[in-house]
Amino acid sequence: MDRLECIKSLMKKKNLKGYLEIGVSNGHILFRVKSNFKIAVDPAFFFDNARKIGKTFLNPYNLFNRYFRKTSDDFFEQDAPSVFEKRKAELALIDGMHVYELALRDVENTLRYMDEEGVIIMHDCNPQDRAAACSFDEWKARGFKGAWNGDVWKTILHLRCLRSDLTVFVLDCDHGLGIITKKRNEKAMHFSMNDIQKLTYDDFDANRKAWLDLRPAGYFYEYFGLK
């Protein structure tokens, strides 16, 4: 189970087609998604026009892609109101900067333009060791080597504590896939944002299952009734 399988399943079985991807990088996920409404946001796409053309031959839906080479903050301020004026996002993959406050802002901004039945998938929610959970500066200092999940786990904890209007859990696969839907949270926790900011990786490691509401990968199919 990985994020692409989740996306394909939701599109096919739940008919969620309007797609937003934040943090596109080389387009590994984006170019394989079949939708005529795909919004791609990244300040530095790692592909050129030739790759776009090649991927369109492989997947004609890529002809409809709209690319926004800018930060997600700028996209939501400058473009999102018109982009989503007539059609809301139904499915979003958030895989941008792996920093608590920035990832949280991506979620909250996405929710403003998300259909009531929509789903957000958030990557990098379950770092397996301290090295993967380090800061961006630490990752940069080691030459961008190894997995970097940052502290996206704090974003998940924040939403579970402070957004009772959302149901949030994490699938134990693909570096931790956060699933966020607009359904009332019956398992609210009680940390404040200030509390969360002070938490360490050791705190997380001792409580990851409870704090993330960590679920086996197969729970995805159960939750969405896809069995």
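Cut-off values and rules
- Residues numbered from 1 in each chain as written.
- Predicted model: local features only at pLDDT ≥ 70, side-chain atom pairs only at ≥ 80, totals over all residues.
- Heavy atoms only, no water.
- Helix = DSSP H or I, 4+ residues; strand = E, 2+ residues; numbered from the N terminus.
- Buried < 20%, exposed > 50% of the residue type's maximum accessible area, 1.4 Å probe, protein only.
- 1 Å grid on protein atoms, 1.4 Å probe; cavity = no way out; pocket = protein on both sides within 12 Å on 5 of 7 lines; lining within 4 Å.
- Points joined across faces, edges and corners; volume = space filled by probe spheres on them.
- Nonpolar A, V, L, I, M, F, W, Y, C, P; charged D, E, K, R; others polar.
- Axes fitted to C-alpha atoms, helices over the stretch in contact; angles between N-to-C directions.
- Parallel < 35°, antiparallel > 145°, perpendicular 65-115°, else oblique.
- Left-handed = near helix turned anticlockwise from the far one by under 90°.
- Contact = heavy atoms within 4.5 Å.
- Pairing = 2+ DSSP bridges.
- Right-handed = clockwise from strand over helix to strand, strands pointing away.
- Patch = residues over 30% accessible without salt bridge, like charges linked within 9 Å, V, L, I, M, F, W, Y side chains within 5 Å.
- Areas by Shrake-Rupley, 256 points an atom, 1.4 Å probe, with all protein chains shown as cover.
- Salt bridge = Lys/Arg side-chain N within 4 Å of Asp/Glu carboxyl O.
- Expected span 1.5 Å × (residues − 1).

Participant: Kindly report on the environment of Lys154, identifying the contributing residues and their values.
Facilitator: With respect to the secondary-structure elements, Lys154 resides in helix α7 (residues 152-162). For Lys154, a relative accessible area of 8% puts it in the buried group. Along the sequence, Lys154 and Asn126 sit 28 residues apart, while their C-alpha atoms lie 9.9 Å from each other.

Participant: Help me get a handle on empty space enclosed by the protein, residues and values and all.
Facilitator: Enumeration according to the criterion identifies one cavity of 30 Å³ or more in this entry. Space inside the largest cavity adds up to approximately 30 Å³. Forming the walls of the largest cavity are Ile94, Asp95, Gly96, Met97, His98, Ala103, Met122, His123 and Val152. Each residue belonging to the lining of the largest cavity can be placed in one class, and the counts come to five nonpolar, three polar and one charged.

Participant: Would you mind going over the packing of α7 against helix α9 (residues 201-212) in detail, with residue names and values included?
Facilitator: Contact geometry of α7 with α9 gives a least axis separation of 11 Å together with a crossing angle of 50°. Considering their axes alone, α7 and α9 lie oblique with respect to each other. Handedness of the α7/α9 crossing: left-handed. Contacts between α7 and α9 involve Trp153, Ile156, Leu157 and Arg160 on the former and, on the latter, Tyr201, Phe204, Ala210, Trp211 and Leu212. Its residues placed into classes, the contact of α7 with α9 shows eight nonpolar, no polar and one charged.

Participant: Before we move on, could you go through the sheet that holds strand β3 (residues 66-68) and cite the residues and values that matter?
Facilitator: Across the sheet, which stays open at both edges, the eight strands sit in the order β3-β2-β1-β4-β5-β7-β6-β8 with mixed pairing between neighbours. Two strands close off the open sheet at either side, each with one partner strand: β3 and β8 (214-215). Note that strand β4 (residues 89-94) and strand β5 (residues 114-122) share five bridges and pair parallel. Within β5, the position partnered with Ile94 by the bridge is Met122.

Participant: Got a sec to walk through the pairing of strand β2 (residues 38-41)? Specific residues and values, please.
Facilitator: Residue alternation in β2 divides its side chains into two sets, Lys38 and Ala40 and Ile39 and Val41, and both sets are buried. One ladder, built from four bridges, connects strand β1 (residues 19-22) with β2; its direction is parallel. Across the sheet, Glu21 pairs through a bridge with Ala40, a residue of β2. For β2 and β3, the ladder comprises three bridges, and the chain directions are parallel. When the sheet's bridge partners are listed, Ala40 is paired in β3 with Tyr67. Note that the unit made of β2, helix α2 (residues 49-58) and β3 has a crossover that is right-handed.

Participant: Could you give an account of a nonpolar patch on the surface, naming the residues involved and the relevant values?
Facilitator: Together, Tyr61, Leu63 and Phe64 line one region of the surface with nonpolar side chains, adding up to about 330 Å² of accessible area. Within the fold, Tyr61 resides in the loop between α2 and β3.

Participant: I'd love a proper account of the pattern of salt bridges, names of residues and values included.
Facilitator: For the structure on display, the rule yields eight salt bridges. Put simply, Asp174 and Arg3 hold a salt bridge, and the shortest N to O gap is 2.9 Å. You can see Asp174 sitting in the loop between β6 (167-171) and β7 (177-181) and its partner Arg3 sitting in helix α1 (residues 3-13), a full 171 residues away along the chain. With its nearest N and O atoms 2.8 Å apart, the salt bridge here joins Asp79 to Lys70.

Participant: Give a description of α9 that names residues and reports values.
Facilitator: End to end, α9 covers just 13 Å across 12 residues, shorter than the expected 16 Å (1.5 Å per residue, more than 12% under). Buried residues in α9 make contact with α7, β6 and β8. Looking at the residues trailing α9, positive phi occurs at Asp213, about 50°.

Interpretation note: all reported values are geometric properties and have no functional meaning in isolation.
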